[in-house]
Amino acid sequence: MFKRARLQLTAWYACVFTAILLVIGTLAYVTIRRDLDDEINASLEAAMSGVEQGLVQLDPRSPFFPFARERSDDEHDDDSDDHEPGDRQPPGLSSDVFYVTTLNGKVIANPRRVDLEGVDIETLEEGAADGEKYTDVSGEHHRFRILSQPGPEGMYVHVGRALDARDRQLRTLVMVLGVGGLAGLTLSTVGGFWLAGRTLSPIKRSLEMQRRFVSDASHELRTPIATVKANNELLLRHQGQTVEENLDQVEAIATEADHMARLVGDLLTLARADEGRLEIEKERLDLGEMVSELVRDVQPLAEARGVGLACEAAAALVDGDRARLRQLALVLVDNAVKYTPPGGKVTVRVRRAGRKVDLTVSDTGPGIAPEHHERIFERFYRVDTSRARRDGGTGLGLPIARWIAEVHGGQIHVDSAPGRGATFTVRLPGAP
Ligand code: ADP
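Below is a summary of the structure that appears in this document. None of the values given here were measured: they were computed from a predicted structure.

Conventions used here
Residues numbered from 1 in each chain as written. Predicted model: local features only at pLDDT ≥ 70, side-chain atom pairs only at ≥ 80, totals over all residues. Heavy atoms only, no water. Axes fitted to C-alpha atoms, helices over the stretch in contact; angles between N-to-C directions. Helix = DSSP H or I, 4+ residues; strand = E, 2+ residues; numbered from the N terminus. Left-handed = near helix turned anticlockwise from the far one by under 90°. Contact = heavy atoms within 4.5 Å. Patch = residues over 30% accessible without salt bridge, like charges linked within 9 Å, V, L, I, M, F, W, Y side chains within 5 Å. Areas by Shrake-Rupley, 256 points an atom, 1.4 Å probe, with all protein chains shown as cover. Salt bridge = Lys/Arg side-chain N within 4 Å of Asp/Glu carboxyl O. Lys, Arg positive; Asp, Glu negative; His and termini not counted. Charge placed at Lys NZ, Arg CZ, Asp CG, Glu CD. Buried < 20%, exposed > 50% of the residue type's maximum accessible area, 1.4 Å probe, protein only. Core = buried A, V, L, I, M, F, W, Y, C linked by side-chain atoms within 4.5 Å. Phe/Tyr/Trp six-rings, centres within 6.5 Å; stacked < 30°, edge-to-face > 60°. Lys NZ or Arg CZ within 6 Å of the ring centre and 35° of its normal. Pairing = 2+ DSSP bridges.

Following both chains from N to C, one finds helix H7 (residues 322–339) and helix H9 (residues 397–407) inclined at 140 degrees, their axes separated by 9 Å at the closest point. Handedness of the crossing formed by H7 with H9: left-handed. Contacts between H7 and H9 involve Arg324, Leu325, Gln327, Leu328, Val331, Leu332 and Asn335 on the former and, on the latter, Gly397, Leu398, Ile400, Ala401, Trp403, Ile404 and Ala405.

This part covers a negative patch on the surface. Taken together, the side chains of Asp120, Glu122, Glu126, Asp130 and Glu132 make up a negatively charged region of the molecular surface. Among the secondary structure elements, Asp130 is positioned in the loop between helix H3 (121–129) and strand S3 (134–138).

Throughout the structure, instances matching the rule amount to 20 salt bridges. Arg166 serves as the salt-bridge partner of Asp37, at 2.7 Å between the closest nitrogen and oxygen. Of this pair, Asp37 sits in helix H1 (residues 2–56) while Arg166 sits in helix H4 (residues 164–237), placing them 129 residues apart in sequence. Of the two residues, Asp37 and Arg166, both sit in the buried class. Between Asp297 and Arg326 there is a salt bridge, with the nearest N and O atoms lying 3.1 Å from each other. Linking Asp297 in helix H6 (residues 287–305) with Arg326 in helix H7, this pair joins segments that are 29 residues apart in sequence.

Right, let's get into the nonpolar core. Counting 51 residues, the largest nonpolar core has Leu287, Val291, Leu325, Val348, Leu359 and Phe424 as the members making the most contacts within it. Looking at this core element by element, the count peaks at eight residues for H7. With residues up to four places along the chain from it excluded, the contact list for Val348 reads Val291, Val295, Leu309, Ala310, Cys311, Glu312, Val333, Leu359, Thr360 and Val361. Leu44, Ala47, Tyr99 and Leu163 belong to the second largest nonpolar core, which has 11 residues in total.

Per the stated rule, a full pass over the model turns up three aromatic pairs. With a centroid separation of 5.9 Å and an interplanar angle of 35 degrees, the aromatic rings of Phe213 and Phe380 are classed as tilted. Taken together, the positions of Phe213 in helix H4 and Phe380 in the loop between strand S10 (356–363) and helix H8 (385–390) put the pair 167 residues apart, joining distant regions of the chain. Its relative accessible area of 8% is what places Phe213 among the buried residues. It is Arg6 that lies over the ring of Phe193; its NZ or CZ is 3.9 Å from the centre. Taking the ring centre of Phe213 as reference, the NZ or CZ of Arg379 above it sits at 4.7 Å.

Let us now look at the sheet that holds S3. Strand pairs in the sheet, formed through backbone hydrogen bonds, run parallel or antiparallel to each other. Strand order in the open sheet formed by five strands is S2-S1-S5-S4-S3, with antiparallel pairing between adjacent strands. Unpaired on one side and paired on the other, strand S2 (106–109) and S3 mark the two borders of the sheet. The sheet shows a mean angle of 40 degrees between the axes of neighbouring strands, taken without regard to direction. Alignment of strand S1 (residues 97–103) against strand S5 (residues 155–162), held across seven bridges, turns out to be antiparallel. The residue of S5 that forms the bridge with Val97 is Arg161.

Rendered as structure tokens:
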């Protein structure tokens, strides 16, 4: 499913990039072509007006009177004309613009000896007669843009410019845009694939976590439900008997119901926390005082288990949610009492450490091997599954404790080694 989503995202990236490239490429091409054409057209217009000015000087001796000169050249081949045909250009005619004069479809003056082979002169003359402006024509070897005008005596004057350079520039531009675009597209597709992977991986992780959470939760509920069912069936088989006679079954049902209630409560807390729907109502409170009270409440339970419970709590103000912080301390104290064998000792401390406040719960229990230190904060993780379940644990206490610590801007960590007890420390920001 994620593979397909990743490919789809990549395809979208590529499509969007191609569309952007096409728009930018087309804009660049159109603008540059227009600029080139404007420049060519302006040079042709300037040339034509230069030619016209040359024509008004109707002095046949003027080197700028093209028709007369060219014709007299033709008539007097041996005329010792000291002007080369190329020189007889009207003034201001730039070097890349040429002019020719034609009569009845034939070139009669071509001072720059431009290779007009294959150019349909008659069409040019017809166009000029119809008042057309620019015509792009192709010869055998070149393409030209030509501006034509009827001249005197049935002749036509044309100024033109080869389009080879312009065509070459446009071809190069298309090539650069094409190759650059293709390279950009390839890079963007590879980048898009990588980016899609990065974008999707947290979603994938959280979905997997969610799936595991649901499957673990169902698994956790299966055992108590099975126990309740089995004991219930036993009770139904002895309908004539009193509750006292079946006290074991009734108690087992009550214990499992308690366990399920705790489990469902913890599940709900975490599910709401995941959704960000769990409200934290902060107030200024003395963590030392709150923890002392809690230890007093847990004392009977510790005594019943034969575990010594001591509290060394200094006054330490924090800004936090009273109920949640009590829940956090209870998880740690409850675990310490639960996992410490009779005769052991649990010490709860609250003290200020600079601007922070530390809550530590130490016990003389079995301890936790380093490889479990991180994992015990994962949902449903237990070092000894059967023992933890027997003790009524849900495997959600420490994940909830970590969430509460973090939502208060604090951290929680464990320091322990097998056989040397465990110390859980919660470090919270102190109130100023
Ligand atoms: P549980 O409800 O099973 O206690 P927790 O999330 O509170 O779940 O704890 C996870 C696991 O961490 C426990 O199952 C236990 O194996 C281990 N653990 C927690 N506290 C202690 C402790 N004080 N001493 C030894 N092991 C502990």
